[in-house]
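# Summary of the model geometry
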Amino acid sequence: MVDIVIKEGKIVTPTDIYEADIGIKDGKIVEIARNIEAKAEQVIDASGKYVLPGAIDPHTHMELPFMGTTSADDFEAGTIAAAFGGVTTIIDFAIQPKGKSFMDTIEIWRGKADPKVVIDYSLHVAVTDLNEERMAELSKVLDYGVTSFKLFMPYRKEGLMSDDGRLYAMLDASREHRFLVQVHAENAPVLEYLVEKFLREGKKTPEYHALSRPNFVEGEAIQRAIYLAHATNGNLYIVHMSTKEGLVAVAESLNKGFPIYAETFPHYLVLTEEKYYGPDGRHYVMSPPLRSRADIEVLWKGLASEKIVTVGSDHCPFNSEQKAMGKDDFTKIPNGVPGTEVIIPILYSEGVRRDIITINQLVKFTSYNVAKLFGLYPRKGTIAVGADADITILDPNYEMELSVENLHTKIDYSIYDGMKVKGVPTTTICRGKPIVLNREFVGKKGEGQFIPRSRFTGL
Ligand code: URP
Ligand code: ZN
Ligand code: ZN
């Protein structure tokens, strides 16, 4: 007797697509066979649908205190939205408050997340206050199961920035201690100079957010971070890469045989900087900003050639009232947009359907590669006997508009309004429990678990 059998779906792994049933018991996959005869408490018919390993969103900011407010989705709303997008695990950023230890930071975030998450989660530490004491704490944090650290090259005013010396120190330590250094790469002095210049000139509308962060601001910072990774032989992951300049820098390193891991997001794959000139320009303010059509094409090529290895979301939504804090000054618009729910629909509709990427690559970018890089594999990131039963059933014929009514983030608008997708997750199962069943939420607040991760071993 098993708990669930998923019948007749097309199972997708990074290398194969094959038709089989999946048996689930006590949260684990216990059998994969052409025809499972065992009795089951629940049978889920997946005929005509794809069965994918649950997506792992490596980049979210639930209830993040930021720029004078807090991101609008708490861990409950944010993980419900994630589940509707076929995500079964998020890795959120625990942002170190000044003066606090890394372990204190993790405890603060666990206090917010544990009672609310409806799917599994883990944490990265976002380092804002690095010193000798914190460096000495690294082993403890790694043993606890937090094995990746984000450093911000910009956000000086917000108190988040790390200088190049600190970035060097973390990259250097990442080799010996086997962790991953995630970098938000933007050249702070240049963008600050441009921001000040525009403000002096009275140029305060949302497009100046993008104009103060031109492509080279990201490209130069990515090059610099890669240079430091080479110098230290460190483990570098570029978060939210948005430009062709960034991809060129990553490709140069890959050509030299030095791995750099790059991540991008759905909004950089389908939206352009023209949005800043529209009436809701401030809704699209995030860092780095939206780019040109040419960048979009290059990012898709980066995915097709697997120079970009993960697609997350940077889910950090603010409602229209919060965005209006910057109605007279773009520097006061809280930076961030939603996204966890649209990763798979956008990659499938815009990537797989258009033959730019394969569905096997979609599985790599959203699940397998993330699990490998962030120490969740083989527990997660795969459909195999013994793995957690984290499963997304994708209906390739399900059509949906990405309107505010159809999305589950708490905010009162959609940055994808008017955009239609075909191919949507309809059922999401986390550790053997259905969370979304035929587009109905059936999960429970607090049933997700904190998942400790192993140290970095590469891809
Ligand atoms: O605009 C963004 N990306 N907001 C969230 C914080 C970050 O930099 O990832
Ligand atoms: Zn960032
Ligand atoms: Zn982020």
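Bear in mind that the values here come from a model prediction, so they are computed numbers and not experimental data. Position numbers for residues start from 1 in each chain and track the written sequence from start to end. All chains are assigned letters beginning at A, and all ligands numbers beginning at 1, according to the order in which they are written. Selection of residues for local features in this predicted model requires a pLDDT of at least 70, selection of side-chain atom pairs for listing and counting requires 80 or more, and totals for whole chains, interfaces and linings are taken over all residues. The side-chain numbers reported here are obtained from all heavy atoms of the structure, hydrogens and water having been left aside.

## Some thoughts on the coordination of the zinc ion (ligand 2)
What counts is decided by this rule: Only nitrogen, oxygen and sulfur atoms qualify as donors, provided they sit within 2.8 Å of the metal or within 3.2 Å for Na, K and Ca; with water excluded from the atoms, sites may seem incomplete.
The coordination sphere of the zinc ion (ligand 2) contains the protein donors Lys150 (NZ), His184 (ND1) and His240 (NE2), at a distance range of 2.1 to 2.3 Å. One chain supplies every donor to the zinc ion (ligand 2), and in sequence these donors are spaced K-x33-H-x55-H.

## Regarding the coordination of the zinc ion (ligand 3)
Basically, it comes down to this: The geometry test gives tetrahedral to four donors whose angles all lie between 85 and 135 degrees, gives square planar to four donors and octahedral to six donors whose opposite members are over 155 degrees apart with all other angles between 65 and 115, and gives irregular to the rest. Every helix listed is a DSSP run of H or I at least four residues long, and every strand listed is a run of E at least two residues long, numbered separately from the N terminus. In this scheme, a residue with accessible area under 20% of its type's maximum is buried, one over 50% is exposed, and one in between is partly exposed, where area comes from a 1.4 Å probe on protein chains only.
In this structure, His59 (NE2), His61 (NE2) and Asp314 (OD) serve as the protein donors to the zinc ion (ligand 3), at separations of 2.0 to 2.1 Å. Note that the zinc ion (ligand 3) binds four donor atoms; their angles at the metal cover 90 to 136°, and the shape is irregular. When the donor residues of the zinc ion (ligand 3) are listed from N- to C-terminus, their spacing reads H-x1-H-x252-D. The distance between the zinc ion (ligand 3) and the zinc ion (ligand 2) comes to 3.8 Å. You can see histidine 61 sitting in the loop between strand 6 (55–60) and strand 7 (65–66) and its partner aspartate 314 sitting in the loop between strand 15 (308–311) and helix 11 (320–323), a full 253 residues away along the chain. Since its relative accessible area comes to 5%, histidine 61 is described here as buried.

## Concerning the layout of surface pockets
Let me state the cut-off plainly: In this analysis, the protein atoms alone were mapped onto a 1 Å grid. Cavities are point sets where a 1.4 Å probe fits without being able to get out; pockets are open sets with protein on both sides within 12 Å along at least five of seven lines; lining residues have an atom within 4 Å of a point. Grid points are joined across faces, edges and corners, and a volume is the space filled by probe spheres set on the points. The nonpolar class holds Ala, Val, Leu, Ile, Met, Phe, Trp, Tyr, Cys and Pro. Asp, Glu, Lys and Arg form the charged class, and all remaining residues, Gly among them, are polar.
The computed volume of the largest pocket comes to approximately 320 Å³. When residues of the lining of the largest pocket are assigned to their parent elements, the largest contribution, six residues, is made by helix 5 (residues 188–200). Broken down by class, the residue content of the lining of the largest pocket amounts to nine nonpolar, four polar and six charged.

## A look at the site of ligand 1
Short version of the rule: Here a residue counts as near a molecule or strand whenever at least one of its heavy atoms sits within 4 Å of it. A 3.5 Å cut-off defines polar contacts: any pair of N or O atoms within that distance qualifies, except that in protein one atom must be a possible hydrogen donor and the other a possible acceptor, and neighbouring residues in sequence count only when both atoms are side-chain atoms. To be clear on the numbers: accessible area is Shrake-Rupley with a 1.4 Å probe, and residue cover counts the displayed protein chains and nothing else. For a molecule to be placed in a cavity or pocket, more than half of its atoms must lie within 2 Å of the grid points of that cavity or pocket.
Neighbouring ligand 1 are 13 residues, the closest being Lys150, Tyr155, His184, Ser287 and Asp314. Contact distances for ligand 1 include 3.0 Å between an oxygen atom and a side-chain N or O atom of lysine 150. Measuring from a nitrogen atom of ligand 1, one finds a backbone N or O atom of asparagine 335 at 3.1 Å. Burial of ligand 1 by the surrounding chains reaches 99%, relative to a free accessible area of 270 Å². Most atoms of ligand 1, that is more than half of them, are within 2 Å of grid points of the largest cavity.

## Things to note about empty space enclosed by the protein
Which entries qualify depends on this criterion: These domain limits were set by an automatic method or by a database of domain assignments.
Scanning the model with the defined rule gives three cavities of 30 Å³ or more in all. Lining the largest cavity are 17 residues, with His61, Phe66, Tyr155, Asp314 and Asn335 sitting closest to its centre. Its residues placed into classes, the lining of the largest cavity shows eight nonpolar, seven polar and two charged. As a volume, the second largest cavity reaches approximately 80 Å³. Lining the second largest cavity are 13 residues, with Pro338, Gly339, Val342, Leu407 and Thr409 sitting closest to its centre. Among the residues making up the lining of the second largest cavity, the classes are represented as seven nonpolar, five polar and one charged. Residues lining the lining of the second largest cavity come from more than one domain, with at least three contributed by each of domain 1 (2–52 + 384–441) and domain 2 (54–373).

## Remarks on the domain arrangement of the protein
Note the following rule: Any two residues having at least one pair of non-hydrogen atoms within 4.5 Å are treated as being in contact. Summed over both partners, buried area is the accessible surface (1.4 Å probe) that two parts give up on being assembled. The working definition used for a salt bridge is a side-chain nitrogen of Lys or Arg within 4 Å of a carboxyl oxygen of Asp or Glu.
Looking at the assigned domains, one finds that the protein contains domain 1 (2–52 + 384–441) and domain 2 (54–373). A C-alpha centroid distance of 27 Å is found between domain 1 and domain 2. Opposite the 41 residues of domain 1 that make contact, domain 2 presents 47 residues. Across the interface of domain 1 and domain 2, roughly 3500 Å² is buried in total on both sides, 66% from carbon and sulfur atoms. If you sort the residues of domain 1 by the area they bury against domain 2, Pro14, Ile415 and Tyr416 come out on top, with a joint share of 19%. Along the contact surface separating domain 1 from domain 2 lie one salt bridge.

## Some remarks on the packing of aromatic side chains
To be explicit about the condition: Working definition: rings of Phe, Tyr and Trp (its six-membered ring) pair if their centres are within 6.5 Å, and the pair is stacked with planes under 30 degrees apart, edge-to-face with planes over 60 apart, and tilted otherwise. In this analysis the charged atom, NZ for Lys or CZ for Arg, is taken to sit over a ring once it is within 6 Å of the ring centre and within 35 degrees of the ring normal.
Under the counting rule described, the total for this entry stands at 13 aromatic pairs. Between phenylalanine 75 and tyrosine 121, the aromatic rings sit 6.3 Å apart at their centres with planes inclined by 55°, giving tilted as the arrangement. Taken as a pair, phenylalanine 75 in helix 1 (residues 75–84) and tyrosine 121 in strand 10 (residues 120–127) lie far apart in primary sequence, 46 residues in all. Both residues of the pair, phenylalanine 75 and tyrosine 121, belong to the buried class. Both rings, one in tyrosine 121 and one in phenylalanine 450, keep their centres 5.5 Å apart while their planes meet at 70°; by these two values the pair is edge-to-face. Placement of tyrosine 121 in strand 10 and of phenylalanine 450 in the segment after strand 19 (440–441) is noted, with a sequence separation of 329 residues between them. Take phenylalanine 450: its relative accessible area is 11%, and that puts it in the buried class. A cation over an aromatic ring shows up here: lysine 112 above the ring of tryptophan 109, its NZ or CZ 3.6 Å from the ring centre.

## Some points on the pairing of strand 10
The test is simple: When DSSP finds at least two bridges between two strands, those strands are taken to pair. Viewed with both strands pointing away, a crossover whose connecting path from the first strand over the helix to the second turns clockwise is right-handed.
For strand 10, the buried fraction is high: eight of the eight residues fall into the buried class. Here strand 10 shows a buried face lined by Asp120, Ser122, His124 and Ala126 and a second buried face lined by Tyr121, Leu123, Val125 and Val127. The pairing of strand 9 (residues 87–95) with strand 10 spans seven bridges and is parallel. Counted as the bridge partner of aspartate 92 is leucine 123 from strand 10. Handedness of the β-α-β unit built from strand 9, helix 2 (residues 102–113) and strand 10 comes out right-handed. Sheet analysis places strand 10 next to strand 11 (residues 148–152), joined by three bridges and oriented parallel. Paired with valine 125 across the two strands is phenylalanine 149, which belongs to strand 11. Read from strand 10 through helix 3 (residues 132–144) to strand 11, the crossover connection turns out right-handed.

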